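Each chain, letter by letter, is given below.
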Amino acid sequence: MYAFIISLAVIFVAELGDKSQLMAMTFATRFRALPVLVGITAATALVHLASVALGAALGAALPTGPISILAGLAFIGFAMWTLRGDELDDEERDKAKHATGSAILAVGVAFFLAELGDKTMLATVTLAADHGGLLALTGVWAGSTIGMVAADGLAIIVGQMLGRRLPERVIKYGAAAGFAIFGVLLLVEGITA
């Protein structure tokens, strides 16, 4: 239980103001809340499961340079994809809003790539390295996953409120700019690592 509580608290705090929390807010302005939350939860559970396994086996962090470069390129691709979305007609836009499978996939892939080598992943690796035994490692995985999803859930609520008040064009350009900025930052981080 100690491993669960400490992991939940550490990851929740580490996630506040993190780029993935800002991503959750951005996605929530474009998609319904439930698909965004499902995508975040699935990606987070996978990344944190891998982090726990890595921490238990090695007790060391992954090299973040190449992973950051790959994630940066993906984010720049997401920025272009977001800008391209303006060419959809009303019928296609309506389908996109209700196509939860594609929203879940987009959010899940973005979060999976963003979390590889991120501080919350490295924190989970470290927590797992400090806690031995299957029960403690399960607590680290569950606590870190729930802590991150809770922090990102707050961002989804804020994103949904902004999405109702901002014009679609502002949201589109803001989301594209956000993805591009994260992409460039990840590229710089990967190149300098």
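This structure is a prediction, so every number in the text was calculated from the model and none was measured.

## Focus: the overall build of the protein chain
For step 1, the next point in the chain: Scanning the protein chain for helices and strands turns up nine helices and zero strands.
For step 2, the next point in the chain: Scanning the protein chain from its N terminus toward the C terminus, one meets helices and strands in the order α-α-α-α-α-α-α-α-α.
For step 3, the next point in the chain: Looking at the protein chain as a whole, 44% of its 193 residues qualify as buried.
For step 4, the next point in the chain: Within the protein chain, residue pairs in contact and separated by at least 24 positions form 92% of the contacts whose partners lie at least 6 positions apart.
For step 5, the next point in the chain: For the protein chain, the computed accessible surface area is about 9,600 Å², with 73% contributed by carbon and sulfur atoms.

## Side note on the confidence of the model for the protein chain
For step 1, the next point in the chain: The predicted model of the protein chain averages 76 in pLDDT, with 74% of residues at 70 or higher.
For step 2, the next point in the chain: Across the protein chain, element-level confidence peaks in helix α3 (residues 33–57) with a mean pLDDT of 90 and bottoms out in helix α5 (residues 90–98) with 49.

## Remarks on a nonpolar patch on the surface
For step 1, the next point in the chain: Taken together, Leu16, Leu154, Ile157, Val158 and Met161 make up a surface patch of nonpolar side chains, about 410 Å² in accessible area.
For step 2, the next point in the chain: In this structure, Met161 sits in helix α8 (residues 134–165).

## Topic: the packing of helix α1 (residues 2–15) against helix α7 (residues 119–130)
For step 1, the next point in the chain: Running from N to C, α1 and α7 cross one another at 160 degrees; their axes reach a closest spacing of 10 Å. By the criterion of interaxial angle, the relationship of α1 to α7 is roughly antiparallel. Crossing of α1 over α7 shows right-handed handedness. Packed against α1, whose contacting residues are Ile6, Ser7, Val10, Ile11, Ala14 and Glu15, the element α7 presents Lys119, Thr120, Ala123, Thr124 and Leu127 at the interface.

Here is what the cut-offs are and how they apply
- Residues numbered from 1 in each chain as written.
- Predicted model: local features only at pLDDT ≥ 70, side-chain atom pairs only at ≥ 80, totals over all residues.
- Heavy atoms only, no water.
- Helix = DSSP H or I, 4+ residues; strand = E, 2+ residues; numbered from the N terminus.
- Buried < 20%, exposed > 50% of the residue type's maximum accessible area, 1.4 Å probe, protein only.
- Contact = heavy atoms within 4.5 Å.
- Areas by Shrake-Rupley, 256 points an atom, 1.4 Å probe, with all protein chains shown as cover.
- pLDDT = per-residue confidence, 0-100.
- Patch = residues over 30% accessible without salt bridge, like charges linked within 9 Å, V, L, I, M, F, W, Y side chains within 5 Å.
- Salt bridge = Lys/Arg side-chain N within 4 Å of Asp/Glu carboxyl O.
- Axes fitted to C-alpha atoms, helices over the stretch in contact; angles between N-to-C directions.
- Parallel < 35°, antiparallel > 145°, perpendicular 65-115°, else oblique.
- Left-handed = near helix turned anticlockwise from the far one by under 90°.

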